[in-house]
Every structure is written in structure tokens, then in C-alpha cells.
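Report on the structure
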Amino acid sequence: ALFTEQDMGNWAMLMLEYTVAPHWFFAVIDQYNYGNSEKEKQIHYYNTSFGHNTGGSRIQIGYGKQRSGIFCVGGVCREVPAMYGLTVSISSTF
């Protein structure tokens, strides 16, 4: 939760994540801007994703509405733009 009178007001967030060790993960996320002073901007940002980790590589597929900012799933965080739709992310370390 975020409690503030600044910017867009209060936020609540719920995330359920399940990992099938050692490779698969699934996540469902809802961020809700319930404290926005403008009722039409009190929006739910739903997002679902799943992915696979193997060795130093990871692939993740997600779908939903996402606000811009820092987004973390499966222990990996990145900065993302606002968007709605399907995302595919591939990363690798060597």
C-alpha cells in the first residue's frame, strides 16, 4: 500500500506468485489507485504473467494493463512504460 496526498493519491497492490521449482513461475497482480481525487482515474491495473528460468536464461510472457514505473516479478525488477496488451521478455546472463 502507498498512503499519500501527493501526486495520484493512495494505492493498494495485491500480488500472488507461485513458483514450480526449479524452473516455472506464475503471477497475478492488481494495482488500484483508490485514492485518486478524480473518480474516473481510480483505475485497476491488472496483469498476469508466467515464465521459465533455465541456467542463466529467462523468458516471461505477460498480459494486462500496466502503469509506468518499476515492475518486479520473480525477483527481477525493471523500469517499464505505461501499456496495455501482451509483453514478452527474454533475458540471459553469461
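Here we summarise the structure given alongside this text. (Residues numbered from 1 in each chain as written. Predicted model: local features only at pLDDT ≥ 70, side-chain atom pairs only at ≥ 80, totals over all residues. Heavy atoms only, no water.)

Grouped together as the largest cluster of nonpolar side chains are 6 residues: F25, A27, I29, F71, V73 and V80. Sorting the residues of this core by element identifies β2 (24–32) and β5 (69–73) as the ones contributing at least two each. Every residue in contact with A27, bar those within four places of it in the chain, is listed here: L16, E17, N47, T48, S49 and V73. (Core = buried A, V, L, I, M, F, W, Y, C linked by side-chain atoms within 4.5 Å. Buried < 20%, exposed > 50% of the residue type's maximum accessible area, 1.4 Å probe, protein only. Helix = DSSP H or I, 4+ residues; strand = E, 2+ residues; numbered from the N terminus. Contact = heavy atoms within 4.5 Å.)

Glancing now at a nonpolar patch on the surface. There is a patch of nonpolar side chains on the surface, built from I59, Y63, Y84, L86, V88 and I90 and spanning about 680 Å² of accessible area. Looking at the nonpolar patch, the elements with two or more residues in it are β4 (57–66) and β7 (83–92). Per element, the largest residue contribution to the nonpolar patch is 4 residues, and it comes from β7. Y63 sits in the partly exposed class, given a relative accessible area of 43%. (Patch = residues over 30% accessible without salt bridge, like charges linked within 9 Å, V, L, I, M, F, W, Y side chains within 5 Å. Areas by Shrake-Rupley, 256 points an atom, 1.4 Å probe, with all protein chains shown as cover. Salt bridge = Lys/Arg side-chain N within 4 Å of Asp/Glu carboxyl O.)

With that settled, the discussion passes to the packing of aromatic side chains. What characterises a pair of aromatic rings is the spacing of the ring centres plus the angle enclosed by the ring planes. Under the counting rule described, the total for this entry stands at 4 aromatic pairs. A centroid spacing of 5.8 Å and a plane angle of 35° characterise the contact between W11 and Y45, whose relative ring orientation is tilted. Of this pair, W11 sits in the segment before β1 (12–20) while Y45 sits in strand β3 (residues 44–54); the two residues are 34 residues apart in sequence, bridging distant segments of the chain. For the pair formed by W11 and Y45, the shared burial category is buried. Seen in terms of ring centroids, F26 and F50 are 6.5 Å apart; in terms of plane orientation they differ by 25°. Their pairing is stacked. Within this pair, whereas F26 is found in strand β2, its partner F50 is found in strand β3, the two being separated by 24 residues in sequence. Judged by its relative accessible area of 35%, F50 is partly exposed. Sitting above the plane of the Y45 ring, K65 keeps its charged end 5.7 Å from the centroid. The ring of W11 is capped by R67, whose NZ or CZ atom sits 4.1 Å from the centre of that ring. (Phe/Tyr/Trp six-rings, centres within 6.5 Å; stacked < 30°, edge-to-face > 60°. Lys NZ or Arg CZ within 6 Å of the ring centre and 35° of its normal.)

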